[in-house]
Amino acid sequence: MTIEEKMEYFRQLSIDAANKQSEEEVNSYKQSLDEEFEAYKEKVDHLSETQESALKSRVLSDAKKDLSAKQSEMRKEVTENRKILRNKLFTRVKSELDEFRKTDEYTKSLINQIKNLMDTYRDYEITFIIDPTDSHLFAEIHEATGAKMELGNKDFKGGIRCMVPEKNILIDESYQTRWLEEKERFSVNL
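The rules we used
Residues numbered from 1 in each chain as written. Predicted model: local features only at pLDDT ≥ 70, side-chain atom pairs only at ≥ 80, totals over all residues. Heavy atoms only, no water. Core = buried A, V, L, I, M, F, W, Y, C linked by side-chain atoms within 4.5 Å. Buried < 20%, exposed > 50% of the residue type's maximum accessible area, 1.4 Å probe, protein only. Helix = DSSP H or I, 4+ residues; strand = E, 2+ residues; numbered from the N terminus. Contact = heavy atoms within 4.5 Å. Phe/Tyr/Trp six-rings, centres within 6.5 Å; stacked < 30°, edge-to-face > 60°. Pairing = 2+ DSSP bridges. Axes fitted to C-alpha atoms, helices over the stretch in contact; angles between N-to-C directions.

## Observations regarding the nonpolar core
Judged by nonpolar contacts, the single largest core of 28 residues is most densely connected at Ile114, Leu117, Phe128, Ile141, Met149, Ile160 and Cys162. When residues of this core are traced back to their parent elements, those giving at least two are helix H1 (3-50), helix H2 (53-100), helix H3 (104-120), strand S1 (127-130), strand S3 (159-164) and helix H5 (175-185). Beyond its immediate chain neighbours, meaning those up to four positions away, Ile160 contacts Leu110, Gln113, Ile114, Leu117, Phe128, Ile129, Ile130, Ile171, Asp172, Glu173 and Ser174.

## A look at the environment of Ala147
With respect to the helices, strands and loops of the structure, Ala147 is situated in the loop between helix H4 (138-145) and strand S2 (149-151). Residue Ala147 is classed as buried on the basis of its relative accessible area, which comes to 3%. A C-alpha to C-alpha distance of 48 Å links Ala147 and Glu23, two positions 124 residues apart in sequence.

## Some words on the packing of aromatic side chains
This structure, assessed with the given rule, holds four aromatic pairs. Judged by centre distance (5.4 Å) and plane angle (75 degrees), the ring pair of Phe90 and Phe186 falls under edge-to-face. Taken as a pair, Phe90 in helix H2 and Phe186 in the segment after H5 lie far apart in primary sequence, 96 residues in all. The class for Phe90 is buried, based on a relative accessible area of 6%. Looking at Phe186, the relative accessible area reads 10%, which means it is buried.

## Observations concerning the sheet that holds S2
Pairing in this open sheet of four strands is mixed, and the strands run S2-S1-S3-S4 from one edge to the other. The open sheet terminates on both sides in strands that have one partner only, identified here as S2 and strand S4 (169-174). Ignoring which end each strand starts from, the neighbouring axes of this sheet average 20 degrees apart. Pairing analysis gives four bridges linking S1 to S3, with the strands arranged antiparallel. Its bridge partner lying in S3, Ile130 is registered against Ile160. Lying on the sheet, H3 is in contact with S1, S2, S3 and S4; it crosses S3 at an angle near 20 degrees.

Set out below in structure tokens:
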């Protein structure tokens, strides 16, 4: 299983767990709102039977306003919970990535990425940029690939970046970029 497949599998598990948790919370909120609404509706019906039609109209209007306000409040709460869940999920993903970077699999994945890019751009001069926090892996990666490499001057949380000057291309396979892209695209659907 390649690193991309592992990352996709992990991302899918994380998304599924977040979606399930969100769905449970939303169902709970919906049930609570339905119960409150039914209780309030019974009260309004009883009052409307004993009062004049003008009072009935006013009470129904007030009920709709209260319901709308409660729904608005619930929507805000759900939105806030989505943000919290999303932040928790991506904090956990970042932590898992940090742990992954301590493994031999991480080194192997960097070597494979470099070899694949070298095959893709074999007719061009390529420079690979390694995260400065991975400097301890520099010699091992260089020995395994023979690639032209340099240490980056800014931490990009793992992965690699690659420059192909002749084609004016910068390939960014850094974990920070991927993490930010996934966080931007991610949404909790209810």
